[in-house]
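# Notes for the structure review
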Number of protein chains: 2
Amino acid sequence: MRALGRQLLVDLKDCKAKNLDNMEEIQNIMTTAAKLAGATIKEAIFHKFSPHGVSGMVIIAESHLSVHTWPEYDYAAVDIFTCGEDLKPEKAIGYLIDKFQSNDPAITEFKRGVLRTEDKNLSRKFEPG
Amino acid sequence: MRALGRQLLVDLKDCKAKNLDNMEEIQNIMTTAAKLAGATIKEAIFHKFSPHGVSGMVIIAESHLSVHTWPEYDYAAVDIFTCGEDLKPEKAIGYLIDKFQSNDPAITEFKRGVLRTEDKNLSRKFEPG
């Protein structure tokens, strides 16, 4: 079934790493994950919340990655939204599980913008504007 | 079932509006949607792609909103990820359907970070760090 986008909801539960509240480290991890997936990073923004928690978004030429952490619950919610055929989000996910040391990861995959058979050919290329 | 986050995947198909390639207008629409939901905007980044398409992320104190548009398919993929009990993402969704004039919207709701009964009390407040 052809679709415009592919979205992976990655729930990283029971994280043993002590980095869920370290904004700089999470930014490094997320941008490295994007590169491992083969994505082209356009921009990244991260915020540290008080008393704890980090949110971050990485806009890539092929859509986005996001992360929200709850250190007090040893939990991080990651999304990887991609378009095109060339990216390998699985590589990013393996890396994220390792870096956050999640003992209970769960992944849900969605297709976004499912095409009907009569839709135009899916040939769009994403070049920065 | 208590959870740390709530995520709405909003597929706006068959959009009749001519604004899916207008980055400035989409940024206005998404930030207005965030405010209608009751969110506190921390930062927003938007990109225009060539030949067409816009991507945008709005980091809110309560998580994020994202949008990716495919004007050539009259399609926009929106996510609204919130935490806490006070936000009203439904208000944002109604507004988005109107502004993009989607004749075929679909919404899928997820709970992210579902808590077990033995988990700590869910009392976290999100204050900017």
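Everything discussed here concerns the structure shown above.
Summarised in this report is the structure supplied together with it. (Residues numbered from 1 in each chain as written. Chains lettered and ligands numbered in written order. Predicted model: local features only at pLDDT ≥ 70, side-chain atom pairs only at ≥ 80, totals over all residues. Heavy atoms only, no water.)

Once that is clear, we can look at the overall build of chain A. Secondary structure summary: chain A contains two helices and seven strands in total. Along its sequence from the N terminus, chain A presents helices and strands in the succession β-α-β-β-β-β-α-β-β. For chain A, the proportion of its 129 residues judged to be buried stands at 52%. Counting only contacts in chain A whose residues sit at least 6 apart along the sequence, the fraction spanning at least 24 positions is 63%. (Helix = DSSP H or I, 4+ residues; strand = E, 2+ residues; numbered from the N terminus. Buried < 20%, exposed > 50% of the residue type's maximum accessible area, 1.4 Å probe, protein only. Contact = heavy atoms within 4.5 Å.)

What follows covers the packing of aromatic side chains. Tallying each qualifying case throughout the model produces three aromatic pairs over all chains. Ring geometry for Trp 70 of chain A versus Tyr 75 of chain A: centroids 5.7 Å apart, planes at 40 degrees, classification tilted. The buried category is assigned to Tyr 75 of chain A, whose relative accessible area is 3%. Centroid distance Phe 110 of chain A to Phe 110 of chain B: 5.1 Å. Interplanar angle 80 degrees. Geometry classified as edge-to-face. Taken together, the residues span two chains, with Phe 110 of chain A in strand E6 (residues 102-114) and Phe 110 of chain B in strand E6 (residues 102-114). (Phe/Tyr/Trp six-rings, centres within 6.5 Å; stacked < 30°, edge-to-face > 60°.)

Considering the arrangement of structural elements, one finds His 47 of chain A in strand E2 (residues 41-50). Polar side-chain contacts of His 47 of chain A include one of 3.2 Å to the side chain of Glu 43 of chain B. When neighbours within four sequence positions are excluded, His 47 of chain A is seen to be in contact with Met 23, Gly 53, Val 54 and Ser 55 of chain A together with Lys 42, Glu 43 and Ile 59 of chain B. (Polar contact = N/O pair within 3.5 Å; in protein donor to acceptor, adjacent residues only side chain to side chain.)

So, on to the side chain of Ser 66 of chain A. Within the element layout of this structure, Ser 66 of chain A appears in strand E4 (residues 63-70). Apart from residues no more than four positions distant in its own chain, Ser 66 of chain A is found in contact with Met 30, Gly 56, Met 57, Ala 77, Val 78 and Asp 79 of chain A together with His 64 of chain B.

Moving on to the environment of Ala 61 of chain B. All names here are of chain B. Secondary-structure assignment places Ala 61 in the loop between strand E3 (54-60) and strand E4 (63-70). The buried category is assigned to Ala 61, whose relative accessible area is 5%. Spatially, the C-alpha atom of Ala 61 lies 8.9 Å from that of Cys 83, the residues being 22 residues apart in sequence.

Residues and elements named next belong to chain A. Burial of E4 is extensive: eight of the eight residues sit out of reach of the surface. As paired elements, strand E3 (residues 54-60) and E4 share six bridges and run antiparallel to each other. Looking across to E4, one finds that Gly 56 is bridged to Val 67. Hairpin geometry of E3 and E4 is characterised by an intervening segment of two residues between the two adjacent antiparallel strands. Bridge count between E4 and strand E5 (residues 75-83): eight bridges; the pairing is antiparallel. The residue of E5 that forms the bridge with Ser 63 is Thr 82. Between E4 and E5, which pair antiparallel and follow one another directly, the connecting turn spans four residues, one of which, Asp 74, has a positive phi of 55 degrees. (Pairing = 2+ DSSP bridges.)

Residue and element names in this part refer to chain B. Axis separation between helix H1 (residues 23-36) and helix H2 (residues 89-100) bottoms out at 8 Å; the angle between their running directions is 155 degrees. The angle between the axes of H1 and H2 places the two elements in the roughly antiparallel class. The element H1 and its partner H2 pack so that their crossing is right-handed. On H2, the residues that touch Ile 26, Ile 29, Met 30, Thr 32, Ala 33 and Leu 36 of H1 are Lys 91, Ala 92, Tyr 95, Leu 96, Lys 99 and Phe 100. (Axes fitted to C-alpha atoms, helices over the stretch in contact; angles between N-to-C directions. Parallel < 35°, antiparallel > 145°, perpendicular 65-115°, else oblique. Left-handed = near helix turned anticlockwise from the far one by under 90°.)

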